[in-house]
Amino acid sequence: MELTYLWAVCLAVLGLGIGSFLNVAVLRLNAEETLLGRSHCMHCKKTLPWFTLIPVLSYIGLGGKCYFCRQPIAAHYALVEAVTAALFFSLTVFFITDPVRLAVYLIITALCVAIFLSDYLFYTIPDAFTLPGIVIAAVGQIILGTPWWNWLLGLAIGAGIFALQYGVSRGRWVGSGDIRFGAMMGVVLAWPNILVGLFLAYVLGALVALPLLLRRSKKMQDAMPFGTFLAVATVVTLLFGDQIVQWYVYDLLQ
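Residues numbered from 1 in each chain as written. Predicted model: local features only at pLDDT ≥ 70, side-chain atom pairs only at ≥ 80, totals over all residues. Heavy atoms only, no water.

S.K.: Tell me what's going on with the overall build of the chain, and back it up with residues and numbers.
M.R.: Along the chain, the regular secondary structure elements total eight helices and zero strands. Listed by position from the N terminus, the elements making up the chain come as α-α-α-α-α-α-α-α. Expected size for 254 residues packed as a compact globule is a radius of gyration near 18 Å; at 19 Å, the chain falls within 12% of this value. When its C-alpha atoms are laid out on the principal axes, the chain stretches across 60 × 50 × 35 Å. Counting over 254 residues, the chain shows a buried share of 41%. Restricting to contacts in the chain with at least 6 residues of sequence separation, those with at least 24 account for 69%. Of the roughly 14,000 Å² of accessible surface on the chain, a fraction of 69% belongs to carbon and sulfur atoms. If you average the places of the 14 positive and of the 11 negative side-chain charges in the chain, the two averages end up 15 Å apart. (Helix = DSSP H or I, 4+ residues; strand = E, 2+ residues; numbered from the N terminus. Rg over C-alpha atoms; globule rule 2.2 N^0.38 Å. Buried < 20%, exposed > 50% of the residue type's maximum accessible area, 1.4 Å probe, protein only. Contact = heavy atoms within 4.5 Å. Areas by Shrake-Rupley, 256 points an atom, 1.4 Å probe, with all protein chains shown as cover. Lys, Arg positive; Asp, Glu negative; His and termini not counted. Charge placed at Lys NZ, Arg CZ, Asp CG, Glu CD.)

Structure follows, in structure tokens:
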């Protein structure tokens, strides 16, 4: 047990660093900038010294402001780092006895965090996150020995439901990025857990959208970053999908 938590702490520290990279990757991809080069302040453009780039701690130590110009730093930088670390810790505790599954789930979770941030900030789901996610998930399923029809059916359902909405609405309800993210979800969650993931995403979306509509903060025709709900639902299903299916099929229906 002690060794499990030691590994979990080590991978949580790794998650802090990955979360920091995801912040940079999302911003630069959406700005169509290269991922290479030193980090710089978004306001004064000065290159940031290494001691201002320590995940979470630097944000706290600087009081949430740039070291040079003292302009506020967006809170999402520290939040993404902390959340990624917490998710890496949780996944390690859950799947430490299955290293291949753990490795795949850590990568997919990192991609989900990036997709959440990108869709939340820019209403985009970059192919740079979803297409590698599909490939990594498929390779992982093959190595794990998951029956091919399980994850191919998951892919068909995940991509198909958004492709149908995209076609019917001519791109007004969902974007093409949702289709590829749906495919990624389908491969990693497979059948029948893809149904759990989609159900959770729509429930989360409704829980967030309904209060906004009732307060008239949003209108029916306004866009919602649905990829954020898909990202959360994917990670929750990775952690608890089997238990949810077990509860529904064997407890609720009997």
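Now, onward.
S.K.: If you had to explain helix α3 (residues 76–95) to someone new, which residues and values would you point to?
M.R.: The first and last C-alpha atoms of α3 sit 28 Å apart over 20 residues, in line with the 28 Å expected at 1.5 Å per residue. Buried residues of α3: H76, A78, V80, E81, T84, A85, L87, F88, L91, T92 and F95, and no others. (Expected span 1.5 Å × (residues − 1).)

S.K.: Quick one: what's the story with the environment of S169, residue by residue and with numbers?
M.R.: Along the chain, S169 falls in helix α6 (residues 148–169). Taking the relative accessible area as the measure of exposure, S169 reaches 0% and is therefore buried. The spatial distance from the C-alpha of S169 to the C-alpha of L212 is 23 Å, given a sequence separation of 43 residues.

S.K.: Give a detailed account of the nonpolar core, specifying residues and quantitative values.
M.R.: As a rule of thumb, nonpolar side chains are buried together in soluble globular proteins. If you look at the biggest cluster of nonpolar residues, it comprises 48 residues, and the most contacted ones within it are I108, F181, M184 and L230. Those elements giving two or more residues to this core turn out to be α1 (2–30), α3, α4 (99–122), α5 (127–144), α6, α7 (176–214) and α8 (226–252). A per-element tally of this core places α4 first, with twelve residues. Setting aside residues no more than four positions away along its own chain, F181 makes contact with C112, I115, I125, T130, G227, L230, A231 and T234. (Core = buried A, V, L, I, M, F, W, Y, C linked by side-chain atoms within 4.5 Å.)

S.K.: Can you break down the packing of α1 against α4 residue by residue, with the values?
M.R.: If you want to describe how two helices pack, look at the angle between their axes and the distance between the axes. At a minimum axis distance of 10 Å, the contact between α1 and α4 shows a crossing angle of 40°. Compared by their axis directions, α1 and α4 come out oblique. Taken as a pair, α1 and α4 cross one another with a handedness that is right-handed. Across the interface between the two elements, L11, I18, L22, N23, V26, L27 and N30 of α1 pack against L102, L106, A110, V113, A114, L117, S118, L121 and F122 of α4. (Axes fitted to C-alpha atoms, helices over the stretch in contact; angles between N-to-C directions. Parallel < 35°, antiparallel > 145°, perpendicular 65-115°, else oblique. Left-handed = near helix turned anticlockwise from the far one by under 90°.)

S.K.: Break down the pattern of salt bridges for me, citing the residues and quoting the values.
M.R.: Applying the stated criterion to the full structure yields two salt bridges. Residues D98 and R101 are paired through a salt bridge, measuring 2.9 Å at the closest nitrogen-oxygen approach. A relative accessible area of 24% places D98 in the partly exposed class. Two residues, D127 and R180, come together in a salt bridge whose shortest N-O distance is 2.5 Å. Here D127, found in helix α5, pairs with R180, found in helix α7; they are 53 residues apart in sequence, far enough to count as distant. (Salt bridge = Lys/Arg side-chain N within 4 Å of Asp/Glu carboxyl O.)

S.K.: Summarise the packing of aromatic side chains; cite the residues concerned and give the values.
M.R.: In this structure the tally under the stated criterion is ten aromatic pairs. A network of ring pairs unites the aromatic residues F94, F95, Y105 and F240 as a single cluster. (Phe/Tyr/Trp six-rings, centres within 6.5 Å; stacked < 30°, edge-to-face > 60°.)

S.K.: Could you give an account of the packing of α4 against α5, naming the residues involved and the relevant values?
M.R.: With their axes 10 Å apart at the nearest point, α4 and α5 run at an angle of 165° to one another. The angle between α4 and α5 falls in the class roughly antiparallel. Regarding α4 and α5, the two cross each other, and that crossing is left-handed. Every residue of α5 that contacts α4 at V100, R101, V104, I107, I108, L111, A114 and I115 is listed here: F129, T130, G133, I136, A137, G140, I143 and L144. Its residues assigned to classes, the contact of α4 with α5 shows twelve nonpolar, three polar and one charged. (Nonpolar A, V, L, I, M, F, W, Y, C, P; charged D, E, K, R; others polar.)

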